[in-house]
Structure formats: C-alpha cells, structure tokens
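# Structural overview
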Amino acid sequence: MCAGAVLGTAWPVKRVPDYSIGKVPTVFTRVSIFIVALSILCGTLVTFLLAPEEAQAIPAFARKYNTNCMDCHTAPPVLNAFGQRFLENGYQLPGTEDGGITGKKKLGDLNLDDVNQYLGFRLVGNVTSSWNFKQQNPPGADAGVVENKTEFTFPQNFVLFAGGTVAKNVGFFVELGHEVDEGGAEVERGFVTFNNLGYRNLAHLRVGKFDPSAFYSYVTVRQQLNNIGDSQTSCSGTYVPCSYNRVGLAPSAFATKFYGLYDRSGNYLSPFTSSLYNSDGETGVDIHGRPFGDWFLYQVGVLNGANEHLGDSNKGKDVYGMIRFDYARSNYFSASLSGFIYQGNSNAKVQTQEDVNWNRYGLSARATYMMVDVYAAYSVDKINNTPTSVAGLFDSTATGLTIGADTYVTSKTLVSLRYDNLDAGGMLDQRVSSSFIGVQAKHFLRANVAILARSDFNLRQSEDGDTAARNLRNAFFSGIDVIF
Amino acid sequence: MQIRTLLAIGAGLAMLSIASFANAVKPEDNQATREKGKQIYEQACLFCHGAEGKGDGPAGWFIGRYESPRPRDFAGGSYKFRSTPSGELPTDQDLFRTVTQGIPSNMPPFSGLSEEERWQVIAYVKTFNQAFKGAKPTALVLPNPPGPPSDAGIENGRKTYIKYGCQNCHGDNGYGDGKEALDGNLKDTYGLMISPGDLTERASLKNGSSAQALYRSIMTGLDGTPMPSYADTIGGNDKDVWDLVYYILTLSQEKP
C-alpha cells in the first residue's frame, strides 16, 4: 500500500523536487504515444472481433442462475436496481430465500459445473498508460527525455472471487486480489451473510471484511473508471512525509483527503486512497435491511477502524450509519438518495504521533433512466480533536466531490464521464487540492470482455505553481477488462 | 447416427416426457391471494416488469439494451411461452412453468419461491391484463413421441427443417446464423432486433429444450417474435414434427 505525499515546502524532512526545469513536449513524442496506444487498442480489437462470437459467456452468479449479466448490472461491475436487491439479500434472488435450493450440495454430488457456479475471475488493467506532464517530472531525472511517458502495464490486477449461498439465508463472498505491481495476494473482502433475520428484509447481517459502502447510492468498489494509483518520488521511514511524482486518479469523495495523516505504524496515508465508510474493505459487523418496504434502506455497522492495512490504533471502534431512499417502480427509471455518518475513534495519527478521530459525513444520489446512469457523491471529512501541537498548521476539514455519468451509445459501447474535486485538508504546507475530469469509452466485445480507452485531464494544472497535483496535464490509458 | 447417440436421445426423451411440472395445489384466485401475490411481485418481479406490469421496470432496459428481449409486458403484450395456440393467452400452468424455470439467458428461475407463492404471484400478474378475466386458455394436446428416433426419421427431420425454411433464421447447422438473422431482418413486435435461437446450445433455448418443449414451440410459435406457429402447416403430420424435433436435438449432440 502506498503511503503518501508531500506537495508543500516547509516540512523539514523531505524537500519537494524543484519542477522549474521544464520542457515543452515534442510533436514526435505525442505522435509516438498516440501511435503506440492506438496500435495496441486496434490490435486487441481486431483479435477479439475476428474470434467467433460465443453464444453466452457469463460469470459465477449468472452461470448459477443461467441468466444474463445484465439482469443485475447496468454495466459490470455497476449494479442495477435488481442486482442491488440481490446483493442485499445475501446472493439470493430478491423476494426469495433460494439459498435453500441453490446452496450447499453434498461433496459427492459436486461436479465442475457446480464449482463453476461459485467461482469467478477478473483480469483487469490498462495495457498502456501514457502520462503527459507540464514539465519533466521529476526535473532532470531523465536528461534529454521529454515529459511524456508511455508504459506497458497489463495486467495490473487479477481477482479471484467466490460467492453464493451455502444454505437458506446464509451467503458468503471471498475476493482474493493480486496487484501485479506490488506482488503478493490479499483477501480484499471476505465475509459471511445471515439474511432475512426476523422476517423477510428486516435485517441482513454481514460479518467479516467487507466494503461498507456496498449499499450506498454510489459504491466505492464499483467504478467504471478504475482507480489509478499515485506515484511517489520518495516515501521512507516512519512519520516522514512523502513526495509525490504524480497524484492518484480516484473518486475524491471516497478518498482520504488529508495530507499529513499517518497510520499506527507511522506510514503516510495517501490522500487519494479510499477510506473510512468508502474503504474497499474493513473488518467488522454490519446490518442492513428494508423493514418498511422498498423505499427505505438502513445500514449500521461497527468496524475495527480506518482499514487495518491503513492502520487504526484500535483504541476504540469506528461506527457508522447510513440511510437510503429509493424510487424504483417503472418507466425504466430508478433513483436513490443516501446519506451516512462515519464516526472514527483514534483511527489516524499526525506527525507528532498523536491520535486523532477522523470522521466523515456523506451524501450520494443516483438516477438511472434507460441507457443513462448519473451519480454523485459528496463527503466532508473532519478531524475533531486536532492536537495542539499542530494547531494553526493543520486544516481539520476536507471535502471531496465526485460526479459521474455512464451511457450506452450503442448496445455494446459505454461512454463514461467523471469529475472529481478534492479540497484537501491536513498540513497546510503540504496540502494541494486538485480537480480532474475523466472520459472513457468501453466496448463490450462479449458480455464479459471489454476493451477501453480513457483520458483524464487536470483542470487545475495552471494554478499555484508546479506541484505534482498541477504538473500532470493529462493521462491516456487503453485497457482490457475480462470477467469469467 | 451412432446407436449410442440414438439410445441417449431415446432415454432422455423418455425421462423428459414424464417430467412435467406438477399441477401444485393452487390457492383460490381471490383478493387475498392477489394481495399476497402483489407483495411478492413488488420484491421479486417489479424491477424488470415494472409496477404496472408493462415490462418497463427500472432494471428492465439493460437486459437487451437496444435489442430484444425486453421483459414481458403483461399488460398489453403477447406471451411467448405458451402451450396454447398462437395469439391466445397462456395457461396458468404455462406461467407457473416460466416463473419456476426462468428463461435461459434472460430471467432467473424463481424456484426459490414456494409453490404457493408462485401461484399467488401468477394470480397478481393476471390482473395486469383484463383479457385474463374469465378467460379459460386451453393448452394444445401434445402427443407423446412415437418412439425412439431412427436414422431415417432424423434424416426426414433434416428435410423437414429445410422444407419449412428453418435454416433461413436458425442457419444450416442451427447456429442461429441464418440469412434473415445475418441481414438484420428479424425484429420483435416492438421493432427491436432479435436473434433466433442457437439450436446447438440447448441450454439457451428459452422455451425449454426437452423434446416436448421443442414440439410445443414448433406448434405454438413464440408470439411477439418472428418464430411462427407451424400448427397449420406441419401440424397435421405428427411424425414429421417429431422427426424435426429429433433432428434439432442432434444438432446439439456433443462432438466426439
């Protein structure tokens, strides 16, 4: 897990590189990047288009029910209203308790088809990543080379997941992720669900490591524009700020937002990592349900803290509550509005190694009409016990706004747009706010095989000098997403 | 045709012919039943079929996107999966079968609902269409297969397949790649492009892949799609129909 960054100047331990020695990108380099990226994209496209079309290619849950991925998804991995209820019901069809039928089999009765109904794989990543900086970054690091960089980066992420029901109203999900760059594998999520406690839809319990925002209007782990991690120029030692080469491209509403926070081991927390309620995975217990009908959902949970791998001092548990209002009736239309409060308890530290309580308050909305899906999330992060040792040096409030939209322009082509604005908090001499807009075209060659092209543009590149948050002009990616 | 293959088809046929959905004890179709059905419908069915059964639920658009199929419009649309003659309403048993089995590649099976719940939801679904009021749809009589298939019968089935132009949509080898399909001429009643069934993939056949289900599809057609009923053409000749059914089944045999 990457740690963090310093974009300021006054903090004594690390100096931010001087970005004053800039070069203007040459036409040749721009053309080269374009040709390389386009060639790979075209090659991939031709390869898949020439291959014979299969009748059906479906991952685990669709295989289990012999149905269509699009029963549950607007576009994988984003869920539609039906898929959302399937998830809420612990991987049982909405309105049913079919785990009693589709669940556990005796070992002797199992065959490969049965195993197939529980296992899925996802191989996803950008085949090429091209970066265009205002200046060489870091300056002088590669004499004679201009500011554009193109890398082959596929595969970036491989995920094995297993899920389903083991009995009536007992479900499970395990996701094992392997980040190719970082090596090793990690249980991203792993939990058991106990569903329909009391009566149908009154309460569903999750126990384990799960994504708290699974039932929020805008779900952290279901993005059309995948997260692009930040790049650090230096990041070593404990309680030492890190320097950034490049900021991360991830939804700002879900991000850490603060510069100058550390985990319990003294590692710098990246301001761009999804955290708290919007974490990819936290360990704890969570209950949700719709006791009054489909229009209202509640969720409450208790967690160890701000993601164990980020490091919570664990002196107290973090708690959260979320409510969601839904309208999903007819005319191919649905809408939802959600709000949450996440109360942290000694879940981060500042440079002086003192604990802080890091809280988050968020709102999210989503509307889907036929081929158009529009969603937004806004969150305010607050640290309510800023230590006196950093008083006046630390902004205890940070906000993030993410607005996105997806639309099918043809039956197989999805265009996505996302705007992010991060008004960063934390150490005043480090924090740098940023705004990006990303656009992506994703073409589904099969229901489960897609190729994509994406570009992200820095909207604040000209402000406030040449920090890492400003220096990135734009980034272009071409990638593949395969789920099988 | 290998004798082993013939035996396999024959055995499968025998099993399939006796397999039918038990006409489970239905609750009386009254207000209370329909109310319970409504509750189930709003939790399980509404997301695709919509609050008023028009097939316009909030998740309904994504299944076919710009193409067919869309979820069934209970209120005004025709019903594909019937045992009744073309143009008629389905029987309750037809609806029960679809709810229970689902539709391969499109609708999951709701066998997780109890039989009583399925009958309740069917009682509610029928309220969307006034034509169900007082109607007594009657299923066509599906005869039992005359016996195990023979090489000669299957060859006759192949000729029947060609004689009635099945290859125009389903293709010479049943892959669903006939000229009409490739030319984009096949549309449903909503004007959406629709693909013919791939007869080599039994699991993808939406109205069932048993011999009897194939017989039923040929005789009743799939209303609202380009698949017509052949009851008035081939219907008088049971042997040809069964030979055609056997031939279609051979298209999906595992290759050696």
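Just above sits the structure.
What you see is a predicted model; the values in this text were computed from it and never measured.

## Notes on the overall build of chain A
- Per the secondary structure count, chain A includes six helices and 26 strands.
- In chain A, which comprises 484 residues, the share counted as buried stands at 50%.
- Taking as baseline every contact in chain A between residues at least 6 positions apart, the subset at least 24 positions apart corresponds to 63%.

## A few points about the sheet that holds strand 11 (residues 258-259) of chain A
Residue and element names in this part refer to chain A.
- Taken in spatial order, the three strands of this open sheet run 11-23-20, and their pairing is mixed. Single-partner strands in this sheet number two, and they are strand 11 and strand 20 (394-395).
- Note that strand 20 and strand 23 (residues 425-427) share two bridges and pair antiparallel. Its bridge partner being in strand 23, Asp-395 is matched across the sheet by Gly-426.

## Side note on the pairing of strand 24 (residues 434-446) of chain A
Residues and elements named next belong to chain A.
- Relative to strand 24, strand 22 (residues 413-423) is paired through ten bridges, and the arrangement is antiparallel. Within strand 24, the position partnered with Leu-422 by the bridge is Ser-434.
- In the sheet, strand 24 pairs with strand 25 (residues 449-458) via ten bridges, with the strands oriented antiparallel. Within strand 25, the position partnered with Lys-442 by the bridge is Leu-452.
- The turn linking strand 24 back onto strand 25 is made up of two residues.

## Overview of the interface of chain A and chain B
- Every contact between the two is made by 36 residues of chain A and, on the other side, 36 residues of chain B.
- When contributions to the side of chain A that touches chain B are tallied by element, the ones reaching two or more residues are strand 1 (73-75), helix 3 (81-88) and strand 15 (333-343) of chain A.
- Looking at the side of chain A that touches chain B, the element that brings in the most residues is helix 3 of chain A, giving three residues.
- For the side of chain A that touches chain B, the class distribution of residues is 14 nonpolar, 16 polar and six charged.

## As for helix 6 (residues 151-163) of chain B
Residues and elements named next belong to chain B.
- The terminal C-alpha atoms of helix 6 lie 18 Å apart, and with 13 residues this matches the ideal 18 Å at 1.5 Å per residue to within 8%.
- Listed as buried for helix 6 are Gly-153, Ile-154, Gly-157, Thr-160 and Tyr-161. Taken end-on, helix 6 shows its buried residues confined to a sector of 110°, consistent with a single buried face. Across helix 6 from its buried face, at more than 90 degrees, point the exposed residues Asp-151, Ala-152 and Ile-162.
- Those residues of helix 6 hidden inside the fold are in contact with helix 7 (166-170) and helix 10 (238-251).
- Phi turns positive one or two residues past the end of helix 6, at Gly-165, with a value near 75°.

Analysis parameters
Residues numbered from 1 in each chain as written. Chains lettered and ligands numbered in written order. Predicted model: local features only at pLDDT ≥ 70, side-chain atom pairs only at ≥ 80, totals over all residues. Helix = DSSP H or I, 4+ residues; strand = E, 2+ residues; numbered from the N terminus. Buried ≥ 20, exposed ≤ 12 C-beta atoms within 10 Å, placed from the backbone. Contact = placed C-beta atoms within 7 Å. Pairing = 2+ DSSP bridges. Nonpolar A, V, L, I, M, F, W, Y, C, P; charged D, E, K, R; others polar. Expected span 1.5 Å × (residues − 1). Arc of directions from axis to C-beta.

By themselves, these are just geometric observations and shouldn't be taken as functional.
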